[in-house]
Amino acid sequence: MSNEAQVSEMRQGGGEARILDAAEELFSRHGFDAVSMQRIAARAGVSKANIFHHFTNKQELYLAVLERACERIGEVLRELEQQNNCENVRPLREFAAAHLGHIFAHADVSRLILREVLDGAPERGQLMAVRVFGDQFSRLVALVRQGQREGVLRADMAAADAAACMVGLNVFLFQAWPVLRHLPEGSFDEPRRVGERWLRLLLLGIVDPRRGEEGA
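Scoring rules and cut-offs
- Residues numbered from 1 in each chain as written.
- Predicted model: local features only at pLDDT ≥ 70, side-chain atom pairs only at ≥ 80, totals over all residues.
- Heavy atoms only, no water.
- Helix = DSSP H or I, 4+ residues; strand = E, 2+ residues; numbered from the N terminus.
- Expected span 1.5 Å × (residues − 1).
- Buried < 20%, exposed > 50% of the residue type's maximum accessible area, 1.4 Å probe, protein only.
- Arc of directions from axis to C-beta.
- Contact = heavy atoms within 4.5 Å.
- Polar contact = N/O pair within 3.5 Å; in protein donor to acceptor, adjacent residues only side chain to side chain.
- pLDDT = per-residue confidence, 0-100.
- Phe/Tyr/Trp six-rings, centres within 6.5 Å; stacked < 30°, edge-to-face > 60°.
- Lys NZ or Arg CZ within 6 Å of the ring centre and 35° of its normal.
- Salt bridge = Lys/Arg side-chain N within 4 Å of Asp/Glu carboxyl O.

How should helix α11 (residues 191-204) be read in this particular structure?
An α-helical segment advances 3.6 residues per turn. Residues three or four places apart therefore align on the same side. Its 14 residues give α11 an end-to-end C-alpha distance of 20 Å, which sits within 8% of 20 Å, the value for a rise of 1.5 Å per residue. If you check which residues of α11 are buried, you get Pro-191, Val-194, Gly-195, Trp-198 and Leu-199. End-on view of α11: buried residues confined to an arc of 135°, all on one side of the axis. Across from the buried face of α11, at angles greater than 90 degrees, the exposed residues are Arg-200 and Leu-204. If you follow the buried residues of α11, they end up packed against α7 (90-105) and α10 (159-180). In this structure Glu-190 caps α11, since a side-chain oxygen of it lies 3.0 Å from the backbone nitrogen of Arg-192. In the stretch just after α11, Gly-205 is the one whose phi turns positive, near 85°.

Below, the structure is given as structure tokens:
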């Protein structure tokens, strides 16, 4: 394709967002290894050269798809940082609700992320931790530490452990929901309400406080 044709293609909507949309759809359906750059180009209606104008290789495009999927949660955390205190652990409750709603609302890309976490190439694990999840996780840890400084949350726990548990509860709820909703003896009626109950259990614990450490 000539340079003039490539410029014309980009002006007609062959930009980064269009490529990311096509890549997200294909990666979500088929995974990283099964999708070629040519296939992404065809789905986006652009040339391979156009893709390489924005992304150096397929892995960079893949990471960009995952980064974009997490952007909304980053925005939520930035908004919560503007709150002056952690009274009633409101920022953590708001984060948990927004995070759970996000992964259910974007189920395809959420499954893509989980598949990458579970079965992805080991060398991408560090890239995922740093580029995709690192900033958001650090912001969540900072919210937990704020609660600790204000005496709202226990000071004798690692803030990162608490943050990981919050995320882990939502991820498990999303993964297990097709089964959970049909379990006997359960009141798994709606993900949002279940998520609220589980977060309350995480915050308050399940050991009767009258038993103290003996009951743990």
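The discussion continues.
Before we go on, may I ask you to explain the confidence of the model for the protein chain in this structure?
Close inspection of predicted coordinates is inappropriate for parts of the model with low pLDDT. Mean pLDDT over the protein chain: 87, with 91% of residues reaching 70 or higher. The lowest-confidence element of the protein chain is helix α1 (residues 3-11), averaging 41 in pLDDT; the highest-confidence one is α10, averaging 96. Low pLDDT, under 50, characterises residues 1-14; the stretch is placed with 20 contacts to residues that sit more than four places away or in other chains.

What should I look at first to understand the packing of aromatic side chains in this one?
By convention here, two paired aromatic rings are described through the distance between centres and the angle between planes. For the structure shown, the criterion picks out seven aromatic pairs. Considering the side-chain rings of Phe-27 and Tyr-62, the 4.9 Å spacing of their centres and the 85° angle between planes classify their relative orientation as edge-to-face. You can see Phe-27 sitting in helix α2 (residues 16-30) and its partner Tyr-62 sitting in helix α5 (residues 58-69), a full 35 residues away along the chain. Overall, the relative accessible area of 2% leaves Tyr-62 in the buried class. Arranged with centres 6.1 Å apart and planes meeting at 20°, the rings of Phe-172 and Trp-198 form a pair that is stacked. Of the two residues, Phe-172 sits in helix α10 while Trp-198 sits in helix α11, which places them 26 residues apart along the sequence. By relative accessible area, Trp-198 is classed as buried at 16%. Grouped by ring-pair contacts, the aromatic residues Phe-27, Phe-32 and Tyr-62 constitute a single cluster. One residue, Lys-58, lies across the ring of Phe-32, its end atom 4.3 Å from the ring centre.

What exactly am I supposed to notice about the pattern of salt bridges here?
Within the structure shown, the criterion is met by 17 salt bridges. Glu-81 serves as the salt-bridge partner of Arg-139, at 2.6 Å between the closest nitrogen and oxygen. Placement of Arg-139 in helix α9 (residues 122-149) and of Glu-81 in the loop between α6 (71-80) and α7 is noted, with a sequence separation of 58 residues between them. On the basis of relative accessible area, Glu-81 is assigned to the partly exposed category, the value being 33%. What emerges from the salt-bridge pattern is a single network uniting Asp-21, Glu-24 and Arg-68.

Please explain helix α3 (residues 37-44) as it appears in this structure.
Within the span of α3, buried status applies to Met-37, Ile-40, Ala-41 and Ala-44. Down the axis of α3, the sector holding all buried residues measures 100°, keeping them to one side. On the buried face of α3, the contacting elements are α2, α4 (48-54) and α5. Positive phi appears at Gly-45, one or two residues downstream of α3, with a value of about 75°.

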